[in-house]
Amino acid sequence: MPDKEVCLITGVGPGTGAALVRRFEQHGYTVAMLARSAERLQELESDIECAHAFPCDVADATALEGTIGKIRATLGKPKIVIHNAVGGAFGSFRDIDPAILEMNFQVNTMALLHLARLTVDDMIEAGEGVILCTGNTSAYRGKAAFAGFAPSKAAQRILLESIAREVGPLGIHAAFVAIDAVIDVPWTRKRFADKPDEFFSRPTDIAKVCYAVAHQPRSAWCSDIVIRPFGETW
C-alpha cells in the first residue's frame, strides 16, 4: 500500500460519511470506510482511489475488533478515527421499544468505546492522533420525541469528553462536532420541500469543518463544538 496516513471513518453513507471520505482522501489520506452496506462501500471504493471498503456492523464488538485488525494489517495504523455511524429513532419514552434504545447505545456509545480502545494505543505510541465524533443537538437536550435516541448521544458526548481528558495530555485530540441542522440529502429535501436552501447543512461543508477540527494546532484545540446553517433557529 502507498505510504499514506490512515483515516478510519464509520457510518459511510451517501451524505456526511461519503463527504468525509472524499475530503480526507483528497487531502492525501488513505481512508478505511466502515458501514453495514457492502454494496454502498464498493461503489465508493470504485469511485475514490484511496478509499477502501470494510463492511462492518459497529454494534458488533467482535466484528469491529476483527475489522480494525484487517485495517491495521492492510492499510496501516489509523491516525484519525471518525465515528460517524449513528443509531436513531423517534418516539416517546412511554411508547418506544426499549430494545431500540439499547441498540442505539451500542451504535452510538459502545462502538465509540471499542473504537477508541482498539486504536488509541497506536496513537499514543506515535504521540499524535485524532478521535472525532459527529453528533447533533440531541447530545445536549432531551426533547419529548427523542427518548430512544438522545440519551445515547448524550452518553457518547460525555464518553468522548472523558477520553479527551485522559489522552489529550498524551497528544491525542478528541473532539465532538455536533450538527444542529437538517443535512442536505435527497430524502430530507423531499421531506422538507418547502424549506429554503439556507435551512440545510451541506455534507461537503460539514466535512470541511471536521477536517479542519482534525488538523487544529495543539495550542487551539476544540473539544466540543456545534455547527449550524445560518438559517437555523436556535
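Residues numbered from 1 in each chain as written. Predicted model: local features only at pLDDT ≥ 70, side-chain atom pairs only at ≥ 80, totals over all residues. Heavy atoms only, no water.

## Topic: the overall build of the protein
Helices and strands together make up the secondary structure of the protein, namely 7 helices and 9 strands. Relative to the globule expectation of 17 Å for 234 residues, the C-alpha radius of gyration of the protein, 17 Å, shows essentially globular dimensions. With the principal axes as the frame, the protein shows a C-alpha extent of 45 × 40 × 35 Å. Burial statistics for the protein: of 234 residues in total, 50% are counted as buried. Across the protein, contacts joining residues at least 24 apart in sequence account for 67% of those joining residues at least 6 apart. Per element, the accessible surface of the protein, about 11,700 Å² overall, is 53% carbon and sulfur. Here the protein contributes 24 positively and 28 negatively charged side chains, and the mean placements of these two sets differ by 5 Å. (Helix = DSSP H or I, 4+ residues; strand = E, 2+ residues; numbered from the N terminus. Rg over C-alpha atoms; globule rule 2.2 N^0.38 Å. Buried < 20%, exposed > 50% of the residue type's maximum accessible area, 1.4 Å probe, protein only. Contact = heavy atoms within 4.5 Å. Areas by Shrake-Rupley, 256 points an atom, 1.4 Å probe, with all protein chains shown as cover. Lys, Arg positive; Asp, Glu negative; His and termini not counted. Charge placed at Lys NZ, Arg CZ, Asp CG, Glu CD.)

## Brief notes about the nonpolar core
Considering soluble globular proteins, one finds that nonpolar side chains tend to be buried as a cluster. Ranked by internal contacts, the top residues of the largest apolar core, which has 33 residues, are L8, L34, I71, I131, L160 and I163. Going through the elements one at a time, strand 1 (6–9), strand 2 (30–35), helix 3 (61–74), helix 4 (98–126), strand 5 (129–135), helix 5 (150–167) and strand 6 (172–179) are the ones with two or more residues in this core. Among the elements that make up this core, the one with the highest residue count is helix 4 (7 residues). Ignoring any residue separated from it by four or fewer positions in sequence, one finds I71 in contact with V6, L8, A32, L34, F54, G76 and P78. (Core = buried A, V, L, I, M, F, W, Y, C linked by side-chain atoms within 4.5 Å.)

## As for the environment of F90
Relative to the helices and strands, F90 resides in the loop between strand 4 (78–83) and helix 4. The class for F90 is exposed, based on a relative accessible area of 62%. As a C-alpha pair, F90 and A145 span 55 residues in sequence and 5.5 Å in three-dimensional space. Once you skip the residues sitting within four places of it in the chain, F90 turns out to touch I96, A145 and F146.

## Things to note about the packing of helix 4 against helix 5
Where helix 4 contacts helix 5, the axes come no closer than 8 Å and their chain directions differ by 15°. Comparing the axis directions of helix 4 and helix 5 gives the class roughly parallel. In the packing of helix 4 onto helix 5, the handedness of the crossing is right-handed. Contact residues: helix 4 offers L101, N104, F105, N108, T109, L112, L113, A116, V120 and I124, while helix 5 offers P151, S152, K153, A155, Q156, L159, L160, I163 and V167. Taken together, the residues of the contact of helix 4 with helix 5 break down into 13 nonpolar, 5 polar and 1 charged. (Axes fitted to C-alpha atoms, helices over the stretch in contact; angles between N-to-C directions. Parallel < 35°, antiparallel > 145°, perpendicular 65-115°, else oblique. Left-handed = near helix turned anticlockwise from the far one by under 90°. Nonpolar A, V, L, I, M, F, W, Y, C, P; charged D, E, K, R; others polar.)

## Some thoughts on the environment of A32
If you trace the backbone, A32 turns up in strand 2. Classification of A32 as buried rests on a relative accessible area of 0%. Placed 163 residues apart in sequence, A32 and K195 show a C-alpha to C-alpha distance of 35 Å. The residues contacting A32, other than those within four sequence positions of it, are C7, L8, I9, H52, F54, I71 and L75.

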